[in-house]
Amino acid sequence: MAEELEYLSGFGAHLSSEAIPGALPRNQNNPLLCPLGLCAEQLSGTSFTSPRHLNQCSWFYRIKPSVTHEPFYPCIPGNKRLISEFNQQTTSATPTQLRWRPAEFSKIPTDFIDGLYTVCGAGSSFLRHGYAIHMYVANKSMEGRAFCNADGDFLIVPQHGKLFITTECGKLYAQPGEIVVIPQGFRFSIDLPDGDSRGYVAEIFGTHFRLPDLGPIGANGLAAPRDFQVPKAWYEDASYPNYTIVQKFGGELFMAKQDFSPFNVVAWHGNYVPYKYDLSKFCPFNTVLFDHGDPSINTVLTAPTDKPGVALLDFVIFPPRWLVAENTFRPPYYHRNCMTEFMGLIHGVYEAKQDGFLPGGASLHSCMTPHGPDTKTFEATISRNEVNEPFRIEGTLAFMFESSLIPRVCQWALESPGLDKDYYHCWIGLKSHFSHNKETVDENGTKSSDIPQS
Ligand SMILES: O=C(O)Cc1cc(O)ccc1O
Ligand SMILES: [Fe+2]
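Residues numbered from 1 in each chain as written. Chains lettered and ligands numbered in written order. Predicted model: local features only at pLDDT ≥ 70, side-chain atom pairs only at ≥ 80, totals over all residues. Heavy atoms only, no water.

As for helix H2 (residues 375–382)
Next, step 1: All buried positions along H2 are accounted for by Thr375, Thr377, Phe378 and Thr381. With its buried residues spanning 165 degrees around the axis, H2 presents them on a single face.
Next, step 2: Considering only its buried residues, H2 is in contact with helix H4 (425–428). (Buried < 20%, exposed > 50% of the residue type's maximum accessible area, 1.4 Å probe, protein only. Helix = DSSP H or I, 4+ residues; strand = E, 2+ residues; numbered from the N terminus. Arc of directions from axis to C-beta. Contact = heavy atoms within 4.5 Å.)

Considering the pattern of salt bridges
Next, step 1: Scanning the entire structure with this criterion turns up 15 salt bridges.
Next, step 2: A salt bridge links Arg26 to Glu18; its shortest N-O distance comes to 2.6 Å.
Next, step 3: A salt bridge links Lys64 to Asp259, with the shortest nitrogen-to-oxygen separation between them at 3.6 Å. Of this pair, Lys64 sits in the loop between strand S4 (57–62) and strand S5 (73–74) while Asp259 is found in strand S19 (residues 252–260), placing the two residues 195 residues apart along the sequence.
Next, step 4: Through salt bridges with shared partners, a single network forms among Glu41, Arg62 and Glu168. (Salt bridge = Lys/Arg side-chain N within 4 Å of Asp/Glu carboxyl O.)

Some thoughts on the packing of aromatic side chains
Next, step 1: Under the defined criterion, the tally for this structure stands at 25 aromatic pairs.
Next, step 2: Here the aromatic rings of Phe147 and Phe188 are separated by 5.6 Å at their centres, their planes lie at 55 degrees, and the arrangement is tilted. Linking Phe147 in strand S10 (residues 145–149) with Phe188 in strand S15 (residues 187–191), this pair joins segments that are 41 residues apart in sequence.
Next, step 3: According to the relative accessible area criterion, Phe188 is buried, its value standing at 1%. (Phe/Tyr/Trp six-rings, centres within 6.5 Å; stacked < 30°, edge-to-face > 60°.)

What to know about the environment of Met368
Next, step 1: With respect to the element layout, Met368 can be found in the loop between strand S26 (362–365) and H2.
Next, step 2: Overall, the relative accessible area of 44% leaves Met368 in the partly exposed class.
Next, step 3: As a C-alpha pair, Met368 and Pro176 span 192 residues in sequence and 31 Å in three-dimensional space.
Next, step 4: Setting aside residues up to four positions removed in sequence, Met368 forms contacts with Arg336, Asn337 and Cys338.

Looking at the pairing of strand S11 (residues 153–160)
Next, step 1: Most of S11 is tucked away: 7 of the 8 residues are buried.
Next, step 2: In this structure, S11 lies alongside strand S14 (residues 178–182), joined through 3 bridges in antiparallel fashion. Residue Ile156 lies in a different strand from S14, and its bridge partner there is Val180. (Pairing = 2+ DSSP bridges.)

With respect to the nonpolar core
Next, step 1: Core analysis: the biggest nonpolar cluster contains 83 residues, and Leu301, Phe315 and Phe401 have the highest contact counts within it.
Next, step 2: Of the residues forming this core, the biggest block, 6 residues, is contributed by strand S9 (residues 129–138).
Next, step 3: Each of domain 1 (69–261 + 273–279) and domain 2 (282–428) accounts for three or more of the residues forming this core.
Next, step 4: With residues up to four places along the chain from it excluded, the contact list for Phe315 reads Leu155, Val157, Ile179, Leu279, Asn298, Thr299, Val300, Leu301, Phe399, Met400 and Phe401.
Next, step 5: Core analysis: the next-biggest nonpolar cluster, separate from the first, contains 9 residues, Ala352, Phe357, Ala398 and Met400 among them. (Core = buried A, V, L, I, M, F, W, Y, C linked by side-chain atoms within 4.5 Å. Domains from an automatic or database assignment.)

Topic: the UniProt feature "binding site: Fe cation" (unreviewed entry) in the protein chain
Next, step 1: When the UniProt feature table is mapped to this numbering, "binding site: Fe cation" (unreviewed entry) covers His335, Glu341 and His371. Taken along the chain, the residues just named run across 37 residues; in space they keep tight, none of their C-alpha pairs more than 11.4 Å apart.
Next, step 2: If you trace the backbone, His335 turns up in the loop between strand S24 (321–323) and strand S25 (340–347).
Next, step 3: Discounting chain neighbours no more than four positions away, the residues touching His335 are Glu341, Thr369, Pro370 and His371.
Next, step 4: Separated by 3.3 Å, the side chains of His335 and Glu341 make a polar contact.
Next, step 5: Beyond its immediate stretch of four places on either side in the chain, Glu341 contacts His335, Ser363, Leu364, His365, His371, Met400, Phe401 and Glu402.
Next, step 6: One polar contact links Glu341 to Asn337, side chain to side chain, over a distance of 2.9 Å. (UniProt positions renumbered as here; feature names shortened; annotations may be inferred. Polar contact = N/O pair within 3.5 Å; in protein donor to acceptor, adjacent residues only side chain to side chain.)

Printed below as a string of structure tokens:
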């Protein structure tokens with residue numbers, strides 16, 4: 001069923017879709033009477049006055065407008081592990097290299113809303129600047145309830161288990177290896193056909209994802225606009241005694257009841273839409289002679305700040321590809337980055353870590369925190385003779401959320417039993433290979449450098 005879904009295509013395109021032919025008004029957005037007795041409703045993703053090339057909005061033609069619901073009340077107990085304001089009261093600062101083992105699946109029935117938990121983030125959803133990095137572990141479909149995130153856009157990276165997502169624009173199906181973006185304000189409901197499910201979510205406040213500029217690469221390469229898939233209009237004209245809208249607002253959850261399905265949009269048009277992307281469609285570029293290129297070459301999507309070239313959040317992948325660089329240390333170099341790097345692994349082994357970084361796990365290397373290949377990777381690489389041979393990295397898919405804003409970390413992430421307290425051991429055994437004559441001092445106090453060489 002899910003595999004048979006059809007999509008529209010095109011990143012940033014102004015699209016339109018009708019579940020019933022003729023449901024979309026022609027030539028205007030809000031006629032006095034909409035076709036089929038539908039009701040017009042706009043969803044704005046940018047301020048009305050945003051410049052045209054940034055402006056995003058969509059028009060829905062729905063059976064009843066979203067406003068026809070009872071008042072919002074706080075969800076009690078709700079989900080207390082969601083943060084959208086990162087300050088000293090809510091979270092901790094740490095420059096330590098952090099790594100988490102994959103979270104274990106739970107036996108307690110948990111849907112996507114209850115299974116979502118914030119790991120770290122920066123800024124504030126109220127101030128419309130910042131991001132939150134969440135993960136989820138869930139095993140149950142959302143039944144009779146829809147989620148609406150008023151705080152920001154979700155970029156969902158499933159790692160285990162398929163996602164079958166119903167949105168106001170229609171249905172999307174995503175499996176590990178694909179990603180889904182649900183922009184701020186969209187109502188959606190996630191079914192988990194496989195039960196146990198796990199993944200990562202980057203949430204951005206105050207801006208939206210775009211495709212990176214390609215610079216000297218030219219007009220083609222990396223993620224192609226046409227590979228982004230947008231749902232086709234789908235609606236249900238169903239009444240429910242107690243349908244619940246759960247709204248995340250400032251990191252807190254509120255609920256409102258209504259007696260009908262929120263997925264009642266018969267036709268829509270606009271450029272503010274949810275979409276999915278299959279990461280295997282990514283066309284990687286890389287060095288073809290020597291040296292290790294910076295990971296920005298693998299940027300799939302970027303959320304900008306106001307500073308040119310400085311991302312609020314880049315989504316970067318490390319997909320299967322050929323490594324051909326000659327006389328080059330091919331794994332990631334050792335580095336300290338003014339940007340912060342949160343990494344996850346969808347499957348396989350990551351090229352910089354021979355063990356300890358597992359599918360479903362995560363790592364966080366904050367601003368200026370040193371990191372790089374573990375000892376095993378370093379030793380294996382420098383002792384390999386065939387290092388000049390082309391080599392295809394296979395069977396792996398890692399990713400990075402990279403941000404210019406320095407994250408603060410949630411208490412439950414720091415206290416999690418999954419936190420790898422021995423992470424630093426992966427580097428601590430790294431031996432010096434420095435081979436210049438070592439200075440020695442003999443029992444008379446004579447330095448070896450003072451002894452004349454014959
Ligand atoms: O730290 C990491 O593993 C991510 C990364 C990969 C790479 O190829 C170069 C730099 C970088 O930060
Ligand atoms: Fe890095």
